[in-house]
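Structural characterization, general
Below, each chain spelled out in residue letters.
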Amino acid sequence: PLFAARSGAGGVSLTDLLIRSSKYLFLILFPLSLAIVLFAPEILEVWLGPEFRRQSSQVLQWLTIGTIAGSLAQIPLTLLQGVGHSGVAAKIHLVELAPYSVAMIAGVSLGGINGAAIVWTTRALLDMLAMYAWANRALGLGLSPEPKLAGFLFLVAGAFALAFLVGTAAAKWI
């Protein structure tokens, strides 16, 4: 509702609202998600036992990273819907459907459940980037990100890379 209300009003710009909302959501989600990525094996062993730990630690790590991306994508999606561009989001999802389906079949065939998690996370990351790009365009900024938003997305990309590297290293040590 706030994006729709602000689209015709003065005060805080929609761009600032998009950036602040994204930043705060990220700051809430990332520490918890990093802990899940770091301690996925231990969490799964305590919860479901050692066999499940061996089979599913990487899946939990990948899905946690994808969940951050999917959560962040909700903010520009809400902006697009709030300013009357809900059709754009639907078209993005339609464009994603065929490549995602093919990639999922290949991912499951080649990597099993890990492959499925990697493909889903990749789709979530690409969806997030597409939503931010089109939100920028809806704000009249073009498809390239506004500098503050670009900085935020760079921070998110670095955090994803850190989570992946730390999770991969932790999995090798355990």
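Summarised in this report is the structure supplied together with it. Note that the coordinates shown come from a computational prediction; the quantities given were computed from them, not determined experimentally.

1. Description of the overall build of the protein
A count of helical and extended segments in the protein gives 6 helices and 0 strands. Reading the secondary structure of the protein in the N-to-C direction produces α-α-α-α-α-α. When burial is assessed residue by residue, the protein has 34% of its 174 residues classed as buried. Within the protein, counting contacts between residues at least 6 apart in sequence, those at least 24 apart form 70% of the total. Just so you have it, the protein exposes about 9400 Å², and 71% of that area is on carbon and sulfur atoms.

2. Some remarks on the pattern of salt bridges
By the definition in use, this model includes 3 salt bridges. Between Glu 51 and Arg 54 there is a salt bridge, and its shortest N-O distance comes to 2.8 Å. Taken together, the residues Glu 51 and Arg 54, both in helix α4 (residues 50-82) and 3 residues apart, mark about one turn of the helix. Taking the relative accessible area as the measure of exposure, Glu 51 reaches 44% and is therefore partly exposed. With relative accessibility at 58%, the residue Arg 54 sits in the exposed group.

3. Notes on the packing of aromatic side chains
Aromatic ring pairs are defined here through the distance separating the ring centres and the angle between the ring planes. The full count for this structure, using the stated rule, is 1 aromatic pair. Arranged with centres 5.2 Å apart and planes meeting at 20°, the rings of Phe 26 and Phe 30 form a pair that is stacked. Linking Phe 26 with Phe 30, this pair stays in helix α2 (residues 14-38), spanning 4 residues, or about one helical turn. The ring of Tyr 100 has Arg 123 sitting right over it, with the charged end atom 5.6 Å from the ring centre.

4. Quick look at the packing of α4 against helix α5 (residues 86-138)
In the contact formed by α4 and α5, the axes pass within 8 Å of each other and the chain directions differ by 15°. With respect to each other, α4 and α5 are oriented roughly parallel. Crossing of α4 against α5: the hand is left-handed. Split into classes, the residues belonging to the contact of α4 with α5 amount to 26 nonpolar, 9 polar and 1 charged.

5. Here we look at the packing of α2 against α4
Two numbers describe how α2 lies on α4: the axes approach to 10 Å, and their chain directions differ by 165°. Classified by the angle their axes make, α2 and α4 are roughly antiparallel. Between α2 and α4 lies a crossing whose hand is right-handed. Of the residues in α4, those touching α2 at Leu 14, Leu 18, Ser 21, Ser 22, Leu 25, Phe 26, Leu 29, Phe 30, Ser 33, Ile 36 and Val 37 are Leu 60, Gln 61, Thr 64, Ile 65, Ile 68, Ser 71, Leu 72, Ile 75, Pro 76 and Leu 79. A class-by-class count of the residues in the contact of α2 with α4 yields 15 nonpolar, 6 polar and no charged.

6. Considering the nonpolar core
By size, the foremost hydrophobic cluster in this structure holds 22 residues, and its most contacted members are Leu 18, Phe 26, Phe 30, Leu 72, Met 128, Met 131 and Tyr 132. Those elements that place two or more of their residues in this core are α2, α4, α5 and α6 (147-173). Broken down by element, this core gets its largest block of residues, 8 residues, from α4. Every residue in contact with Met 131, bar those within four places of it in the chain, is listed here: Ala 73, Pro 76, Leu 77, Leu 80, Ala 89, Ile 92 and His 93.

7. A few points about the side chain of Thr 64
Looking at the secondary structure, you find Thr 64 in helix α4. Within the structure, Thr 64 has its side chain in polar contact with the backbone oxygen of Leu 60 (distance 2.7 Å). Excluding residues within four positions of it along the chain, Thr 64 makes contact with Ser 33, Ile 36 and Val 37.

Conventions used here
Residues numbered from 1 in each chain as written. Predicted model: local features only at pLDDT ≥ 70, side-chain atom pairs only at ≥ 80, totals over all residues. Heavy atoms only, no water. Helix = DSSP H or I, 4+ residues; strand = E, 2+ residues; numbered from the N terminus. Buried < 20%, exposed > 50% of the residue type's maximum accessible area, 1.4 Å probe, protein only. Contact = heavy atoms within 4.5 Å. Areas by Shrake-Rupley, 256 points an atom, 1.4 Å probe, with all protein chains shown as cover. Salt bridge = Lys/Arg side-chain N within 4 Å of Asp/Glu carboxyl O. Phe/Tyr/Trp six-rings, centres within 6.5 Å; stacked < 30°, edge-to-face > 60°. Lys NZ or Arg CZ within 6 Å of the ring centre and 35° of its normal. Axes fitted to C-alpha atoms, helices over the stretch in contact; angles between N-to-C directions. Parallel < 35°, antiparallel > 145°, perpendicular 65-115°, else oblique. Left-handed = near helix turned anticlockwise from the far one by under 90°. Nonpolar A, V, L, I, M, F, W, Y, C, P; charged D, E, K, R; others polar. Core = buried A, V, L, I, M, F, W, Y, C linked by side-chain atoms within 4.5 Å. Polar contact = N/O pair within 3.5 Å; in protein donor to acceptor, adjacent residues only side chain to side chain.

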